[in-house]
Structure formats: C-alpha cells, structure tokens
Amino acid sequence: MGLEANKSMEYHVLPPKGLLNDPNGLICYKGIYHVFFQWNPHGTDHGFKYWGHATSRDLVNYEYHDAALEPVDWFDKNGCYSGSSIEHDGKLYLFYTGNVKSDEGIRTNYQCAAVSEDGMSFRKIGPVTRHPEGYTQHMRDPKVMKGEDGSFYMVLGAQRDDLTGDTVAYRSADLITWEFLGSIMSVREKLGYMWECPDLLRLEGKDVFVFSPQGLEPEGDRFNNIFQTGYYTGCFQGGRFHWDGQPFEEMDKGFEFYAPQTFVDGRGRTILFGWMGTMPSEMEAAMPTVREGWIHHLTLPRVISFEGGKLIQTPVEELVGLRCEKEEKHGRSMDLDIPDRAYELNIKIKGPLDTFGLVYRNEVRLSFESTERRFTVERTNWATSLREVRGVKLDGALESITIYTEETSMEIFINGGEEVFSLRYFAKDEDRNISMEIEGAEAGIEAVSYRLE
Ligand code: FRU
C-alpha cells in the first residue's frame, strides 16, 4: 500500500487516506518514534484493517510509510487488528490480532507476531497463542511488556463465555512460546460485555490498568459516549492485577476518545496516543471529512503521570516548538480572533470566580460554575444537529485551561491535565472568534495564545 500524506491537519497523526482507528505498536525504536495505527486504506468504513505506519523524530512532524501489516494471510485475512510492539535482541516485534471470518460470518481470532530488523519491513511469524477455554472468540489487542521478573507478559482484551468483559494474561520467555495464565483480575468485576485494548502503565507509586470496556450504561456525567476508556489502579505482578478497589475512572471526559496506548520513550516519559473516535455509524457517515476521502485521527501525544490519586495528562513539550505569533490579553471579558490554522490557547484564572464561559467559533461552549464545581463542554452533533454536553465535577477550583485546536479537532486540558476533554467539532469557515467572560468580584482572565505552525 503506497501513499501520499494527507495534509489536512498539522500535528495529529491521521490516515493518508481512508479510515484510521486505534494507535498500535507505539515505540521509540533506535531513536525514532514509530506510530502504527488501525487503517482501512480502501475506504472510510471499517472494512479491512491494515497497520498504517508513521515515524517521527520529534512527535510533531511525521513521515508516512507503506502499511506495516496487510490482511492477506489465512490467520489475518479479515483484518490485522490492534496490538503492540516490543524491542528484543535489537529486533522490533509486533503483536496483533488476526481477525478471520468464515463464509457463515463466524469469527476466529489469532494472536500473531511479526518481526523486523529495521523497523520498516516486517516478516510475519503467524499465530503464537492458543485460544483458552471459558472465553468467546472476542479476544484481541495484545499488549506485550517485560515484567520485573524478566518474563514477557501479554495482556489481551476478552469476553468470558457468560458474555462479560475481562482481560487475560499469557507469559513467555522468548516472545514465541506463550503460556496461558488466566484472568488478570484479582477480583472479578462486572463492567460491560467486552474489554478492548488493555494496557498496563507503571507510574510512580502505582500501576494503572487502562482498558476500553463496551456496554456501560450512562450514569449522570459518566459513560455518555457509545464506548468508554478508563482505568483501575492497583499493582500488577506475575500476570495478576491486584486492584485497590478504587472505581473505574474515565480518562477523557470529552466526546471522542478511545482505545489509547502508551509506551515509555528514551527519556523515561510515559506517552499516550488515543483514537479521537468511536461514535455511532451515522456520525461516521455524516463526518464532513468523508467527502475528502478520510476519517478520524489520533490525539496529540500526551505525557501521563499519576498525582493525588489521579492520572494527569499533558501535551508533550515538543509541541511548544510549533508556536508562532503570540497574543496576550487580560480582563474580565475578551474576544480573540482565531487564525485559519492550528492554535494553542492558555487561560489562567485569577482570583476566586463565580462562573466562567467561553464560546469558540460560535460552535463549542465551555462553562464552569463554582457552586457545583462543574465544568461542561457543549457542541453540535453533526449528524443530528442537536446540541450535546459532557461534564465533570472538578476536585477544586478552576485554575487553568489549555486548548489545542485544529480546524475540526479540539483537546482541552483543565488544571494542568487533571481533566481532559477531546472532541471533533465542525464550525462555519467564517466563524473565527473566541469570546470569554468571567464573573466574581475579583476574578480575571489571563489569556496567552499562539498560532501553531
Ligand atoms: C477498538 C477495536 C479493537 C480492534 C480494532 C479493530 O477500537 O475494536 O478491539 O482490535 O478496533 O479495528
């Protein structure tokens, strides 16, 4: 699959053409960042999934390559589904799920490996695990990591025979022969019917188990998207996750965020990319970019840390290198003009506030009010034309907001990344204004913005 890079956006990884979904195989290999992604190069539907491939030296500028994996073998003929990568003995190993459907529509999954000496061309090794008893064929998305005991562990999203979600682990000494260990959960927790894309992050003082359960019912401000991504905290050892009992916490409170993956880079940073998608099919069909032959993109890369019992997400500092013209404004209400480009806006709240409101391009509205400490983001659903809202109760006062936007995409970081909202939005070309207003006797706004290039 050859390609021409799609130039529609500036700092997000996006499909050269066709459809992109999950980030896969993230790694810094021989000093170069590799970002693979679920990719259908043939259309903007979820038809046949390849592994698309982009590389970068700085997490800001990307070079796009031919597909790393194509669904052309008996064990992956209906899709090279999501997975991860790991370096071993100088080689780059990819692990992914081969999705196979029979003529009768019956699904079989194979956890497969591929290997490369240069990070560019990959030789498929084929299936490396056996399907365990007690689970349906909904088993996928291998994340492979090295444990403290020197063994390799593979965790997989799974569905038990009783149609509840789970994550299972395998162990290996050589990445080729794998022993089944069973469920990773020390306590059996019922949360939806399928868990996709498991990941385990070792952060200072905590292990964080991130996964994307399907089948959760909305509860107030929680679980309002079609599918969610969130995490449990605890301790992962010997293939078991000892959950500390803290509730499942959604990672991103916006409209479009799913199936993220993390990796640790050469500087020891835990970096996450997510998919800014998962939405009902009528929203995919109505997405304006489909007319240009592509759909969806990844989030910007975010550094993940764990502080005060919470995951903190902040944009990688490399993005600072994109800053061009700067504008600064102080006041209690203000208007800013947004250039026809990528844009960064940093807002600091001064003094105690009663309410804060921001209207972005006459389309996205951010609001906060101090009594309930509720922060909300509202936009128009482009398929139904209805306004829709996502919200969260902040732990404390609203202190800062950082917004990264491109023409149709926005990521909002609140209070230094304590809460994040990711969303797509579609505003009119001519609407290029932001207005902000704050209430509270001594409250004020300090806004610093940059055009990004
Ligand atoms: C998550 C997911 C994965 C699967 C992939 C297929 O979005 O459904 O579970 O491997 O997408 O593209």
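It should be emphasised that the depicted structure is a prediction, and the values quoted were computed from it without experimental measurement. (Residues numbered from 1 in each chain as written. Predicted model: local features only at pLDDT ≥ 70, side-chain atom pairs only at ≥ 80, totals over all residues.)

### Digging into the overall build of the protein
Argument step 1. The helix and strand tally for the protein stands at one helix and 34 strands.
Argument step 2. The C-alpha radius of gyration computed for the protein amounts to 22 Å, which stays within 12% of the reference 22 Å derived for 453 residues, consistent with globular compactness.
Argument step 3. Counted over contacts in the protein with a minimum sequence separation of 6, partners at least 24 positions apart contribute 56%. (Helix = DSSP H or I, 4+ residues; strand = E, 2+ residues; numbered from the N terminus. Rg over C-alpha atoms; globule rule 2.2 N^0.38 Å. Contact = placed C-beta atoms within 7 Å.)

### Considerations on the domain arrangement of the protein
Interfaces are often sized by the amount of accessible area the parts lose when they come together.
Argument step 1. Once the domains are mapped, the protein shows domain 1 (18-315) and domain 2 (324-452).
Argument step 2. Look at where the C-alpha atoms of domain 1 and domain 2 centre, and you get two points 30 Å apart.
Argument step 3. In this complex, domain 1 contributes 22 residues to the contact, which on the side of domain 2 involves 22 residues.
Argument step 4. Here the residues of the side of domain 1 that touches domain 2 sort into 10 nonpolar, six polar and six charged. (Domains from an automatic or database assignment. Nonpolar A, V, L, I, M, F, W, Y, C, P; charged D, E, K, R; others polar.)

### As for the site of the ligand
Argument step 1. Near the ligand there are 13 residues, and of these Gln38, Tyr81, Ser82, Glu196 and Ala259 occur at the shortest range.
Argument step 2. Elements with a contribution of two residues or more to the shell around the ligand: β1 (18-29), β5 (80-88), β9 (135-146), β13 (194-203) and β18 (258-264).
Argument step 3. Of the residues belonging to the shell around the ligand, the class tally is four nonpolar, four polar and five charged. (Near = placed C-beta within 6 Å.)

### Focus: the UniProt feature "domain: Glycosyl hydrolase family 32 N-terminal" (unreviewed entry) in the protein
Argument step 1. Within this structure's numbering, the places UniProt gives as "domain: Glycosyl hydrolase family 32 N-terminal" (unreviewed entry) are residues 12-315.
Argument step 2. Annotated as residues 12-315, this span is 2% helix and 54% strand, and its ends, taken at the C-alpha atoms, are 12 Å apart. (UniProt positions renumbered as here; feature names shortened; annotations may be inferred.)

### Notes on unusual backbone geometry
Argument step 1. Look at Leu59: it is not a glycine, yet its phi comes out positive at around 65 degrees.
Argument step 2. Considering the arrangement of structural elements, one finds Leu59 in the loop between β3 (50-56) and β4 (63-69).
Argument step 3. Despite not being glycine, Leu175 shows a phi value in the positive range, around 75 degrees.
Argument step 4. With respect to the element layout, Leu175 can be found in the loop between β11 (165-172) and β12 (179-183).

### Topic: the pairing of strand β34 (residues 444-452)
Argument step 1. Direction of pairing for strand β23 (residues 323-331) relative to β34: antiparallel, over a ladder of seven bridges. Bridged to His330 within β34 is Glu446.
Argument step 2. Strand direction decides the pairing type here: strand β25 (residues 343-350) and β34, joined by eight bridges, are antiparallel. Each residue of the ladder has a partner; that of Lys348, found in β34, is Glu446. (Pairing = 2+ DSSP bridges.)

### Regarding the sheet that holds β1
Argument step 1. Reading across from one edge, β4-β3-β2-β1-β20 is the order of the five strands in this open sheet, with mixed pairing throughout. Of all strands in the sheet, those with a lone pairing partner are β4 and β20 (294-295), marking the two edges.
Argument step 2. When β3 meets β4, the two strands line up antiparallel, connected through four bridges. Among the inter-strand pairings, His53 is bridged to a residue of β4, identified as His65.

### Describing the sheet that holds β23
Argument step 1. Across the sheet, six strands lie side by side as β23-β34-β25-β30-β31-β32; this open sheet has antiparallel pairing. Since the sheet does not close on itself, it has two edges, and those belong to β23 and β32 (419-424), each with one partner. In this sheet, adjacent strand axes meet at a mean angle of 15 degrees when their direction is disregarded.
Argument step 2. In the sheet, strand β30 (residues 400-406) pairs with strand β31 (residues 409-414) via six bridges, with the strands oriented antiparallel. Paired with Thr402 across the two strands is Phe413, which belongs to β31. (Axes fitted to C-alpha atoms, helices over the stretch in contact; angles between N-to-C directions.)

### Observations regarding the pairing of β25
Argument step 1. Across six bridges, β25 lies against β30 in antiparallel orientation. Within β30, the position partnered with Ile347 by the bridge is Ile401.

### Describing the nonpolar core
Argument step 1. In this structure, Trp51, Leu69, Leu94, Tyr96, Met154 and Phe209 are the most contacted members of the largest nonpolar core, which totals 74 residues.
Argument step 2. For this core, the leading source of residues is strand β10 (residues 152-160), giving six residues.
Argument step 3. Residues within four places of Leu94 in sequence aside, it is in contact with Gly25, Ala68, Leu69, Gly83, Ser85, Ala113, Ala114 and Phe122.
Argument step 4. Membership of the second largest hydrophobic core comes to 35 residues, among which are Phe368, Ile403, Ile412 and Met436. (Core = buried A, V, L, I, M, F, W, Y, C linked by C-beta atoms within 7 Å. Buried ≥ 20, exposed ≤ 12 C-beta atoms within 10 Å, placed from the backbone.)

### Description of the UniProt feature "domain: Glycosyl hydrolase family 32 C-terminal" (unreviewed entry) in the protein
Argument step 1. Within this numbering scheme, the UniProt entry marks residues 335-445 as carrying the feature "domain: Glycosyl hydrolase family 32 C-terminal" (unreviewed entry).
Argument step 2. Along residues 335-445 the backbone is 0% helical and 59% strand, and the end-to-end C-alpha distance reaches 12 Å.

### Describing the confidence of the model for the protein
Argument step 1. Confidence in the prediction for the protein averages 96 pLDDT; 99% of positions are at 70 or higher.
Argument step 2. Of the two predicted TM-score estimates for the complex, the pTM is 0.97 and the ipTM is 0.99. (pLDDT = per-residue confidence, 0-100.)

### What to know about the environment of Ala259
Argument step 1. The residue Ala259 is located in strand β18 in this model.
Argument step 2. With 90 residues separating them in the primary sequence, Ala259 and Ile349 have C-alpha atoms 32 Å apart.
Argument step 3. Sequence-distant contacts of Ala259, defined by excluding residues within four places in its chain, comprise Asn21, Asp22, Ser82, Glu196, Cys197, Ser212, Thr229, Gly274 and Trp275.

### Some thoughts on the environment of Gly396
Argument step 1. Tracing the sequence through the fold places Gly396 in the loop between β29 (387-393) and β30.
Argument step 2. For Gly396, a count of 8 C-beta atoms within 10 Å puts it in the exposed group.
Argument step 3. Residues Gly396 and Arg373 lie 23 residues apart in sequence; the distance between their C-alpha atoms is 7.1 Å.

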